[in-house]
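# Topology and contacts: notes
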Amino acid sequence: MVNCQEDNPGFGALNAPSNLEIKVEIVGQSTEFPDGDGTGVVGFAATSDNSISYKYIFGDGTSSVAPGGIIKHAYTKNGVNTFTV
């Protein structure tokens, strides 16, 4: 094989993510049902500068990658619980 161009192993500047914002929606939450509709489903939407993907660690022993920052997760532990995401 012959190559007419020098290899360029670099991939440019690496910029750390900044301005992270996360919106959380408990499915079915209302004034009547402040803890949601009982399904345990929670929606997350993350945005930031210089990010290409997001990894959520849900606090219940599971995690998932969301390239666009938007994901829904179903918590299965019965009762009203608090999780750190």
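Preceding this paragraph is the structure being described.
None of the values given here were measured: they were computed from a predicted structure. (Residues numbered from 1 in each chain as written. Predicted model: local features only at pLDDT ≥ 70, side-chain atom pairs only at ≥ 80, totals over all residues. Heavy atoms only, no water.)

## Here we look at the nonpolar core
Put simply, the test is: Nonpolar core, defined: a set of buried Ala, Val, Leu, Ile, Met, Phe, Trp, Tyr and Cys residues in which side-chain atoms within 4.5 Å join the residues together. Accessibility here uses a 1.4 Å probe with only protein chains present; expressed as a share of the type maximum, an area under 20% marks a residue as buried, one over 50% as exposed, and anything in between as partly exposed. Per the convention used, a helix needs a DSSP run of H or I reaching at least four residues, while a strand needs a run of E reaching at least two, with both numbered from the N terminus. Whether two residues touch is decided by their heavy atoms; if any such pair falls within 4.5 Å, the residues are in contact.
Within the largest apolar cluster, nine residues are counted, these being Val 42, Phe 44, Ala 46, Tyr 54, Tyr 56, Phe 58, Ala 66, Ile 71 and Tyr 75. Only strand 2 (41-49) and strand 3 (54-57) provide two or more residues apiece to this core. Looking at which element gives the most residues to this core, the answer is strand 2, with three residues. Apart from the residues lying within four places of it in its own chain, the contact partners of Tyr 54 are Leu 20, Ala 46, Thr 47, Ser 48, Ser 64, Val 65, Ala 66, Pro 67, Gly 68 and Gly 69.

## Observations regarding the sheet that holds strand 2
Heads up, the condition is: Strands qualify as paired when DSSP identifies two bridges or more between them. Axes here mean lines fitted to C-alpha atoms, for a helix over just the part in contact, with angles spanning 0 to 180 degrees between N-to-C directions.
Taken in spatial order, the three strands line up as 1-2-5 in an open sheet, and their pairing is antiparallel. Of all strands in the sheet, those bounded by a partner on one side alone are strand 1 (18-26) and strand 5 (70-74). The average undirected angle you get between the axes of adjacent strands in this sheet is 20°. When strand 2 meets strand 5, the two strands line up antiparallel, connected through five bridges. Note that in strand 5 the partner of Phe 44 across the bridge is Ile 71.

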